[in-house]
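Analysis of the macromolecular model
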Amino acid sequence: MTAAPDRPAVVSAFRRGAWQESLDTAALPGTPARRLALVPEIVAHADRRWWRTARTALVPLTDRRARVRAALELFAHGTVTVGGLGPQSAAAFRTALWQSAGLPGPLVERWCAMLSEGVAHREVQDHDDALALVALPGNTFTCLDSVLDQAERSAAVWVRPSRREPLSAARLVAALLAADWPAERIGLYPTGQRDLHGLVKLTDRHVVYGGAGLAASMRDAPTLTLHGPGRGCALVPPGLPVEDAVAWLLPLVAADSGRFCRNVRTVVCLDADPEPVAKALATALDALHPGPAPDPAAPDWPLTAFRDPGEAERATAHLRTLLRAGDRLLTREPAVVEGAGGDVFVRPHLALLDGRFTASDVAHPLVGHEVPFPFAAVLGATADAARAIAGDSLFVHRAPAPHS
């Protein structure tokens, strides 16, 4: 008799002060198979009504910063109980992130440290009676900093995790609970994309991360903080030696596997031939390999793995379709490679855009183009064009003064 296959673990929602299962679930990427419990909009409406009553019975919470610090220590290094997954050690969390989201260990360590640093440098704020919502992206869990910020400010915070990577959000909720955060003051509300607007309407203050399409659909919410595309750019002044330019640009493009909104996507060479910088930067990017750096003395800029090989192929193919006549892809390594364990990686890409850009022609589709791997477009531009590109970027990097 054939044994029944094991049922995949289901990451629970956290509602009304408890981990809750759901009849609606969504498959998570990677192996082993895992699923995510989804909260239907009608349930969220009922929970909002519950919150109106629960809020009146809450006791004051005066030591928020201490509990947040304790939760971050557990998040990074402890064992916490995640609904649907059970007790999860720090090592098990890192394994799960690698299996499902392709995040290598060194990147997880760096991002955990960044969360702690963010809290350490943030001023303690007054709190209010708002029910806050934080809708997270799937590219990095450092955006959990917004959850911690709203937890310190608000009466309660509902967290909508990305369906691509909900494990970090679920672990943070578990860590807060283990640090004695009142259960009624935190929620984990995974939903379908169409239900995000409903959650915004149900909550009093909102922090939403997303791409250009989502950004456009959310602009009218009056209490919304929207983190859309960063379109990071770097301005290379004339006369900067090529080797200095590359040393400055390489981490801006390659660090954090190119997943941050502040990563440089466009390198603007002011009133200079961009080709020398582009060729040298492409060579440096080609030298980066999947996994931790092979040389212990080298910077550790590992690449993330794609759990859907088709997604890797589609992302690189789409990028090539955006090249215009005269543009050149200068990175020479294969676009998509397979690691030793069968993991699929997208290698860094660098394109040199043809022509000298002026203020009237900066609307190239690769200017500010964001992808989930290191990529930059290098171009030459007039000062007016550089100002136009910088004006459309949330993160403008300017070269440091040359050493005397």
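It should be noted that the structure appears before, not after, this text.
Quick summary incoming for the structure in this document. (Residues numbered from 1 in each chain as written. Predicted model: local features only at pLDDT ≥ 70, side-chain atom pairs only at ≥ 80, totals over all residues. Heavy atoms only, no water.)

**Topic: the environment of Ala 71**
Among the secondary structure elements, Ala 71 is positioned in helix α2 (residues 64-77). Sequence-wise, Ala 71 and Arg 163 are 92 residues apart; in three dimensions their C-alpha atoms are separated by 23 Å. (Helix = DSSP H or I, 4+ residues; strand = E, 2+ residues; numbered from the N terminus.)

**What to know about the sheet that holds strand β4 (residues 25-27)**
An order of β1-β5-β4 is seen for the three strands of this open sheet, with the pairing classed as mixed. Edge positions in the sheet fall to β1 (9-11) and β4, since each has one partner strand and no second. Averaged over all pairs of adjacent strands, the angle between strand axes in this sheet comes to 35 degrees, irrespective of strand direction. Relative to strand β5 (residues 34-37), β4 is paired through three bridges, and the arrangement is antiparallel. Bridge pairing in β5 places Thr 25 opposite Ala 37. (Pairing = 2+ DSSP bridges. Axes fitted to C-alpha atoms, helices over the stretch in contact; angles between N-to-C directions.)

**As for helix α9 (residues 242-254)**
Over its 13 residues, α9 runs 18 Å from end to end, which matches the ideal 18 Å to within 8%, given 1.5 Å per residue. The sharpest bend along α9 comes to roughly 25 degrees, located at Trp 248, with the proline Pro 251 sitting one to four residues further on. Of the residues making up α9, those classed as buried are Ala 245, Val 246, Trp 248, Leu 249, Leu 250, Leu 252, Val 253 and Ala 254. Residues of α9 that are buried in the fold lie against β13 (232-236), β14 (264-270), α10 (275-286), β20 (375-381) and β21 (396-398). Immediately downstream of α9, the backbone of Asp 256 shows phi near 60 degrees, a positive value. (Expected span 1.5 Å × (residues − 1). Bend = angle between axes of the 7 residues up to and from the residue. Buried < 20%, exposed > 50% of the residue type's maximum accessible area, 1.4 Å probe, protein only. Contact = heavy atoms within 4.5 Å.)

**Considering the sheet that holds strand β19 (residues 349-357)**
Taken together, the six strands give an open sheet; going across it, the order is β16-β19-β20-β14-β13-β21, and neighbouring strands pair in mixed fashion. Edge strands, defined here as strands with exactly one partner in the open sheet, are β16 (328-329) and β21. In this sheet, β20 lies alongside β19 in parallel orientation, the contact comprising six bridges. Note that in β20 the partner of Arg 356 across the bridge is Gly 380. Most of the contacts of α10 go to β19, to which it runs at about 175 degrees, and overall it touches β14, β16, β19 and β20.

**What to know about the side chain of Gln 88**
Counting through the fold element by element, Gln 88 comes out in strand β7 (residues 86-88). If near-sequence neighbours (up to four positions away) are discounted, Gln 88 is found in contact with Gly 78, Thr 79, Val 80, Val 82, Phe 93 and Arg 171.

**Here's the deal with the environment of Val 82**
Counting through the fold element by element, Val 82 comes out in strand β6 (residues 80-82). Residues Val 82 and Asp 384, 302 residues apart in the sequence, show an inter-C-alpha distance of 52 Å. Other than its neighbours up to four places away in sequence, Val 82 contacts Trp 19, Gln 88, Ala 170, Arg 171 and Ala 174.

**Section: the nonpolar core**
In terms of nonpolar packing, the biggest core is built from 52 residues, with Phe 75, Leu 103, Leu 136, Phe 141, Leu 144 and Ile 186 touching the most fellow members. The biggest single contributor to this core is helix α6 (residues 167-178), with eight residues. Ignoring any residue separated from it by four or fewer positions in sequence, one finds Ile 186 in contact with Phe 14, Val 157, Val 159, Val 173, Leu 176, Leu 177 and Trp 181. Counting residues in hydrophobic clusters, the runner-up holds 28 residues, among them Ala 245, Trp 248, Leu 285 and Leu 330. (Core = buried A, V, L, I, M, F, W, Y, C linked by side-chain atoms within 4.5 Å.)

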